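As a plain string of letters, each chain reads:
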Protein chains: 2
Amino acid sequence: MDIKKIFEEDYINKEIKVQGWIKNHRKQAHFGFIDMFDGTCFNTLQIVYDDENKNFDEISKLKIGSAIEVKGTLVKSLNPKQEFELKLEEFTLEGSCDDDYPLQAKGRPTREFLREIAYLRPRTNLFQAVFRIRSLAAYAIHNYFNQNNYVYVHTPLITANDGEGAGQVFQVTTLDLDKIAQNKIEKIDYTKDFFGKKVGLAVTGQLEGETYALAYKRIYTFGPTFRAENSNTKTHASEFWMIEPEMAFCDLEGDMDVMEDMLKYIVKYVLDNAKTELEFLNNFVEKGLIEKLERLVNSNFTRIDHKDVITILKEANVNWEFPPEYGQDIAKEHEKYITEYFNGPVFIKNWPKDIKAFYMKLNEDGETVAAVDLEVPGAGELMGGSQREESYDKLYNRMKELNISTNEMDWYLNLRRFGGCKHAGFGMGFERLLIYLTGVDNIRDVIPYPRTPGNCDF
Amino acid sequence: MDIKKIFEEDYINKEIKVQGWIKNHRKQAHFGFIDMFDGTCFNTLQIVYDDENKNFDEISKLKIGSAIEVKGTLVKSLNPKQEFELKLEEFTLEGSCDDDYPLQAKGRPTREFLREIAYLRPRTNLFQAVFRIRSLAAYAIHNYFNQNNYVYVHTPLITANDGEGAGQVFQVTTLDLDKIAQNKIEKIDYTKDFFGKKVGLAVTGQLEGETYALAYKRIYTFGPTFRAENSNTKTHASEFWMIEPEMAFCDLEGDMDVMEDMLKYIVKYVLDNAKTELEFLNNFVEKGLIEKLERLVNSNFTRIDHKDVITILKEANVNWEFPPEYGQDIAKEHEKYITEYFNGPVFIKNWPKDIKAFYMKLNEDGETVAAVDLEVPGAGELMGGSQREESYDKLYNRMKELNISTNEMDWYLNLRRFGGCKHAGFGMGFERLLIYLTGVDNIRDVIPYPRTPGNCDF
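Throughout, residues of each chain are indexed from 1 in the direction in which the sequence is written. Going through the entries in the order they are written, you letter the chains from A and number the ligands from 1. The predicted origin of the model limits local features to residues at a pLDDT of at least 70 and limits the giving and counting of side-chain atom pairs to 80 or more, whereas totals for whole chains, interfaces and linings rest on all residues. Only heavy atoms go into the side-chain values, all of them from the structure, while hydrogens and water stay out.

Caption draft 1: Looking closely at the overall build of chain A. Helix numbering and strand numbering both begin at the N terminus, where a helix is a DSSP run of H or I of at least 4 residues and a strand a DSSP run of E of at least 2. Regarding its fold elements, chain A presents 14 helices and 16 strands. Across its three principal directions, the C-alpha atoms of chain A cover 85 × 65 × 45 Å. When burial is assessed residue by residue, chain A has 62% of its 458 residues classed as buried. Contact criterion: two residues are considered in contact whenever any of their non-hydrogen atoms come within 4.5 Å of each other. Contacts in chain A between residues at least 24 apart in sequence constitute 68% of all its contacts with a sequence separation of at least 6. Computed by Shrake-Rupley with a 1.4 Å probe, the accessible areas treat only the displayed protein chains as cover when residues are assessed. For chain A, the accessible area works out to roughly 19000 Å², and carbon and sulfur atoms hold 45% of it. Remark: exposure states derive from per-residue accessible area (1.4 Å probe, protein chains only) relative to the maximum for the residue type, with buried under 20%, exposed over 50%, and partly exposed in between.

Caption draft 2: Quick look at the side chain of B:Asp38. In this structure, B:Asp38 sits in the loop between β2 (31-37) and β3 (45-50). Judged by relative accessible area, which is 0%, B:Asp38 ranks as buried. What qualifies as a polar contact is a pair of N or O atoms within 3.5 Å, subject to a donor-acceptor requirement within protein and to the restriction that residues adjacent in sequence count only when both atoms come from side chains. Polar side-chain contacts of B:Asp38 include one of 2.9 Å to the backbone nitrogen of B:Ile3. Within the structure, B:Asp38 has its side chain in polar contact with the side chain of B:Thr40 (distance 2.7 Å). In contact with B:Asp38, other than residues within four places in its own chain, are A:Ala215, A:Tyr216, A:Lys217, B:Met1, B:Asp2, B:Ile3, B:Gln19, B:Gly20 and B:Trp21.

Caption draft 3: Inspection of unusual backbone geometry at higher detail. Residues and elements named next belong to chain B. Positioned with a positive phi, Asn13 is a non-glycine residue whose angle comes to about 70 degrees. Within the element layout of this structure, Asn13 appears in the loop between α1 (3-8) and β1 (15-27). With a relative accessible area of 60%, Asn13 lands in the exposed category. Even without being a glycine, Asn149 presents a positive backbone phi close to 60 degrees. Within the secondary structure, Asn149 sits in the loop between α4 (125-147) and β6 (151-152).

Caption draft 4: Fine view of helix α12 (residues 392-401) of chain B. Residue and element names in this part refer to chain B. Taken as a whole, α12 has its buried residues at Leu395, Arg398 and Met399. The arc that holds the buried residues of α12, viewed along the axis, is 100 degrees, so those residues lie on one side. Summarising the geometry of α12, the exposed residues directed more than 90 degrees from the buried face are Asp393 and Glu401. Against α13 (410-414) lie the buried residues of α12. Looking one or two places after α12, you find Asn403, whose phi comes out positive at around 60 degrees. Note that the arc is computed from the directions linking the helix axis to the C-beta atoms.

Caption draft 5: Seen up close, the layout of surface pockets. Residue and element names in this part refer to chain A. Looking at the second largest pocket, its volume works out to about 1400 Å³. A pocket here means an open set of points on a 1 Å grid, computed over the protein atoms alone, that has protein on both sides within 12 Å along at least five of seven lines. A cavity is instead a set of points where a 1.4 Å probe fits but cannot get out; residues with an atom within 4 Å of a point line either one. Along the wall of the second largest pocket there are 44 residues; nearest its centre are Lys23, Phe42, Thr44, Asn125 and Phe280. Taken together, the elements giving at least two residues each to the lining of the second largest pocket come down to α1 (3-8), β1 (15-27), β2 (31-37), β3 (45-50), α3 (111-116), α4 (125-147) and α8 (275-284). Per element, the largest residue contribution to the lining of the second largest pocket is 5 residues, and it comes from α8. Grid points are joined across faces, edges and corners, and a volume is the space filled by probe spheres set on the points.

Caption draft 6: Quick look at the sheet that holds strand β9 (residues 199-201) of chain A. Strands pair, by our definition, only if DSSP identifies at least two bridges between them. The strand order across the open sheet formed by 6 strands is β7(A)-β9(A)-β8(A)-β8(B)-β9(B)-β7(B), and the pairing between neighbours is antiparallel. With one partner strand each, in any of the chains shown, β7 (158-159) of chain A together with β7 (158-159) of chain B form the two edges of the open sheet. With 2 bridges joining them, β7(A) and β9(A) adopt antiparallel strand pairing. Among the inter-strand pairings, A:Thr159 is bridged to a residue of β9(A), identified as A:Gly200.

Caption draft 7: View of the sheet that holds β3(B). Read once around its circumference, the closed barrel built from 5 strands follows the order β1-β2-β3-β5-β4 (chain B), with strand pairing classed as mixed. Strand after strand, the sheet turns through a mean of 55 degrees between neighbouring axes, direction not considered. What counts as an axis is a line fitted to C-alpha atoms, over the stretch in contact for a helix, and the angles between N-to-C directions run from 0 to 180 degrees.

Caption draft 8: Inspection of the relation of the copies chain B and chain A at higher detail. When the copies are superposed, the least-squares fit draws on C-alpha atoms of residues that have pLDDT of at least 70 in both. For the match of chain B to chain A, the screw axis carries a shift of 0.0 Å, the RMSD comes to 0.0 Å, and the turn is 180 degrees. Taken together, the rotation and translation describe the operation of a two-fold axis. When the interface residues of chain B are mapped onto chain A, 99% of them are again interface residues, pointing to one common binding face.

Caption draft 9: Structural context of the confidence of the model for chain A. pLDDT is a residue-level measure of predictor confidence that goes from 0 to 100. Per-residue pLDDT for chain A has a mean of 96; in total, 99% of the residues score no lower than 70. Confidence estimates for the predicted assembly give a pTM of 0.97 and an ipTM of 0.97.

Caption draft 10: Just the interface of chain B and chain A, in detail. Listed per partner, the contact involves 119 residues of chain B and 118 residues of chain A. By convention, the term buried area covers the 1.4 Å-probe accessible surface removed from two parts as they join, with the contributions of both added. Between chain B and chain A the total buried area reaches about 9800 Å² when both faces are included, carbon and sulfur atoms providing 57% of it. With its nearest N and O atoms 3.1 Å apart, the salt bridge here joins B:Lys197 to A:Asp457. The interface formed by chain B and chain A holds 61 residue pairs in polar contact (both at pLDDT 80 or more) in total. In terms of residues, the side of chain B that touches chain A owes the most to one element, α4(B), which gives 11 residues. Note: strand β8 (residues 171-173) of chain A against strand β8 (residues 171-173) of chain B, 3 bridges, orientation antiparallel. Residue pairing in the sheet places A:Thr173 in a bridge with B:Gln171 of β8(B). Any Lys or Arg side-chain nitrogen located within 4 Å of an Asp or Glu carboxyl oxygen qualifies as a salt bridge.

Caption draft 11: Layout of the packing of aromatic side chains. Two rings belonging to Phe, Tyr or Trp (six-membered ring only in the last case) form a pair when the distance between their centres is within 6.5 Å. Interplanar angles under 30 degrees mark stacking, angles over 60 mark edge-to-face geometry, and anything in between is tilted. Per the counting criterion, the structure on display carries 70 aromatic pairs over all chains. When the ring of A:Phe31 is compared with that of A:Phe33, the centres are 5.9 Å apart and the planes differ by 80 degrees; the resulting orientation is edge-to-face. Centroid distance A:Phe170 to B:Phe195: 5.6 Å. Interplanar angle 15 degrees. Geometry classified as stacked. One end of the pair, A:Phe170, is in the loop between β7 and β8; the other, B:Phe195, is in the loop between α5 (177-182) and β9 (199-201), on a second chain. Residue A:Phe170 shares its accessibility class with B:Phe195, and that shared class is buried. Aromatic rings pair up to connect A:Tyr119, A:Phe127, A:Phe131, A:Tyr449, A:Phe458, B:Tyr212, B:Tyr216, B:Phe358, B:Tyr359, B:Trp411 and B:Tyr412 into one cluster. In our convention, an over-ring charge means Lys NZ or Arg CZ found within 6 Å of a ring centre and within 35 degrees of that ring's normal. Here the basic side chain of B:Arg121 rests over the ring of B:Phe127, its NZ or CZ set 4.6 Å away from the ring centre. The ring of B:Tyr412 is capped by B:Arg416, whose NZ or CZ atom sits 4.2 Å from the centre of that ring.

Caption draft 12: Structural view of helix α11 (residues 332-342) of chain A. All names here are of chain A. Of all the positions in α11, only His334, Glu335, Ile338 and Thr339 are classed as buried. End-on, the buried residues of α11 take up no more than an arc of 130 degrees, which puts them together on one face. The outward face of α11, more than 90 degrees from its buried face, is lined by the exposed residues Lys332, Lys336 and Glu340. The inward-facing, buried residues of α11 abut α10 (306-315), β13 (346-352), β14 (368-376) and β15 (380-387). Positioned one or two residues after α11, Asn343 has a phi angle of 55 degrees, which is positive.

Caption draft 13: How the structure looks around the environment of A:Tyr101. Residue and element names in this part refer to chain A. Considering the arrangement of structural elements, one finds Tyr101 in the loop between β5 (84-95) and α3. A relative accessible area of 5% means that Tyr101 is categorised as buried. Distance in space between the C-alpha atoms of Tyr101 and Gly327 is 56 Å, their sequence separation being 226 residues. Reaching out from Tyr101, the side chain makes a polar contact with the side chain of Arg123 at a distance of 3.4 Å.

Now the structure itself:
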């Protein structure tokens with residue numbers, strides 16, 4: 001039986017059988033307590049035994065980390081801290097645990113150390129909470145889009161187009177590099193590579209996503225994405241998951257509606273379904289986490305033009321490290337100020353075209369594009385989106401200006417010639433969201449097996 | 001408004017506004033009919049107009065493929081084939097369509113041709129059905145595991161371990177290959193590569209999945225997987241999605257319980273939620289498709305040992321191309337025979353150890369492992385699973401026998417030292433399932449942008 005069930009239904013005075021791992025074991029001369037978890041919920045189950053158990057000696061020797069099966073009766077606990085405990089009647093040692101098990105009850109291993117034993121860390125309270133929330137948030141995302149009749153699209157990960165500047169690309173090959181190194185030649189012949197051309201890992205699925213939005217009206221992607229940037233920050237990973245919805249017959253205002261609605265849905269879902277985990281994180285990782293999330297669900301999201309944000313920043317009585325300027329990007333300090341100024345999440349929209357991507361819809365002013373970034377208090381930029389340029393000519397000219405191959409991307413351009421209607425979409429990095437949801441501040445701690453420059457273990 | 005809604009609720013005599021693409025357009029001198037789809041459901045909506053519309057000439061000229069917005073009143077149709085139609089009152093051309101649009105109403109493009117225009121093919125009936133079913137089946141999978149309290153785990157795609165023989169690996173690198181080619185050296189120095197070592201794309205997430213199963217009791221993965229085999233068959237792709245559940249405190253019998261239960265759930269979900277799509281596929285792609293799926297949901301899955309299968313095959317009065325033999329793998333012709341023999345799905349279990357993977361649990365006979373393949377009528381092998389070897393010593397010895405590095409895989413071995421209980425899991429190729437669910441026989445036609453040797457377009 002799952003321990004989760006014991007906390008949800010009434011099993012007092014009933015005979016039950018549970019399996020799990022020993023988190024803690026306190027033994028006295030004539031009795032003992034075992035805290036057992038089985039991963040089906042955050043709670044541990046207390047198991048009590050005494051010297052009337054025929055295997056008392058054997059039980060007393062059980063080590064932390066061991067896997068056991070226990071039969072017994074669930075009884076009311078005398079300890080006011082817990083409602084019930086399991087009185088052990090029979091037990092089986094399913095898997096013993098060696099003494100060098102790194103997760104002993106005493107001592108609190110650092111997160112850095114836990115990354116080195118990433119295969120064991122989900123057994124700790126912190127990571128048990130984090131990775132359950134990761135799972136719940138992923139489910140919330142699928143739920144949200146399914147309820148709203150979006151089609152889930154798996155865009156390709158191996159691709160010959162490089163996402164047009166979205167980031168640096170990992171190359172994928174089956175060529176024998178040692179052989180290449182041994183023979184001096186001028187240039188690699190990619191017709192001999194697996195796909196007959198040079199290919200790499202996708203930095204976005206948006207362009208392919210657009211083609212499906214123009215067939216299903218509303219689609220989303222949710223899959224891995226790769227960036228080969230050599231940056232070692234707390235918020236960058238080389239491999240991460242991204243959600244990229246795309247809606248036909250939708251403009252920038254409609255785009256923001258979806259961004260806001262989706263985010264509130266996910267946060268509410270996690271609040272409702274990860275109560276124990278969030279309480280733990282609220283107590284030990286980020287004080288005020290639950291209140292922060294509840295406020296988001298009930299907040300109004302401001303919508304304001306980039307130029308008006310610059311005006312506010314310029315008028316602010318602040319000694320900026322990076323002075324704000326019209327036509328320029330904004331810095332982290334500005335993001336922070338602006339969410340505090342509006343006391344809630346802020347959509348900054350209509351950005352200068354020169355600092356945004358080629359596919360964004362040019363506004364009538366000829367200077368800005370219909371792009372939007374969502375700034376969230378305590379998270380910074382959580383999502384970015386735009387209405388896409390639906391005019392073939394404008395898109396073609398912009399690609400020429402930026403030296404983007406109109407040949408290789410002919411399908412993307414053609415989409416504008418074949419019923420290419422107004423459409424919009426956005427992208428959200430899943431791990432950014434998880435950092436926000438859990439209060440854990442390093443992206444390496446919200447990915448089961450993180451990949452960063454120089455790190456590819458397990 | 002979504003066209004889907006019009007088919008679900010009563011809008012007769014109501015004013016509505018819809019947006020979508022023109023699938024067909026039949027025009028007469030004084031009136032015309034437009035079939036419009038918007039991708040929210042499989043059905044098209046018939047729009048009628050006549051020369052009392054002030055834009056009659058303009059409407060008459062609307063081309064197939066164009067995106068339009070139409071306002072009008074939904075009225076009962078005189079055509080007995082359909083319940084209602086939309087009487088056009090106002091319209092807007094959202095996006096016109098050039099004459100070289102390849103999806104004209106006349107002519108039936110081949111599937112090979114449609115692969116070349118993969119960015120447009122979801123607008124055809126066939127692919128509209130296939131890729132909605134892909135989305136629904138994916139959702140059913142997440143639903144199934146969420147309802148049963150599995151944790152969804154994202155295992156890494158870039159990895160330094162090669163899955164131990166599960167398949168050939170794509171290499172991932174940021175080294176400049178042209179530069180390497182120009183300087184003659186003996187061996188590549190991978191300390192200079194992005195991750196400081198040689199890495200490739202994952203062929204399985206199982207090994208990492210096991211580590212999470214031993215923390216959450218039940219987990220599943222659902223993500224992309226890569227194989228660099230140079231094989232051009234109808235069932236092989238270089239990039240595909242896979243589901244890999246893993247359960248702690250679970251043996252081979254429990255494993256089969258989950259395989260059967262999950263498959264029935266997914267098939268039933270698709271039967272319930274893709275009625276129109278399945279009817280179309282049943283009529284035009286695979287006669288008897290719906291009956292096949294319904295039978296599966298109601299069938300009993302046989303469980304039989306590999307050696308008993310061989311006995312049945314040997315005793316069969318069949319002139320085999322590949323004569324069956326104890327200790328050997330079975331061929332496609334055998335799979336087919338055995339599902340016909342039992343008139344339903346068959347779990348073939350307890351396979352000869354030498355033809356199965358190193359991590360499978362050795363049975364007491366010392367000759368077979370606790371592995372299972374599920375054979376499904378009309379699909380062949382749909383899933384494969386096993387109980388995993390939980391004994392450190394047996395696993396260690398098997399790895400040594402097979403020359404698998406026990407150093408690099410120490411974490412996988414250690415899992416057996418630290419509360420390493422009995423556990424089992426399986427893998428299902430998502431596209432194999434989709435071929436079965438849709439009746440489409442080529443894997444290239446169930447993946448939005450398929451990657452196969454020599455093919456990496458879009």
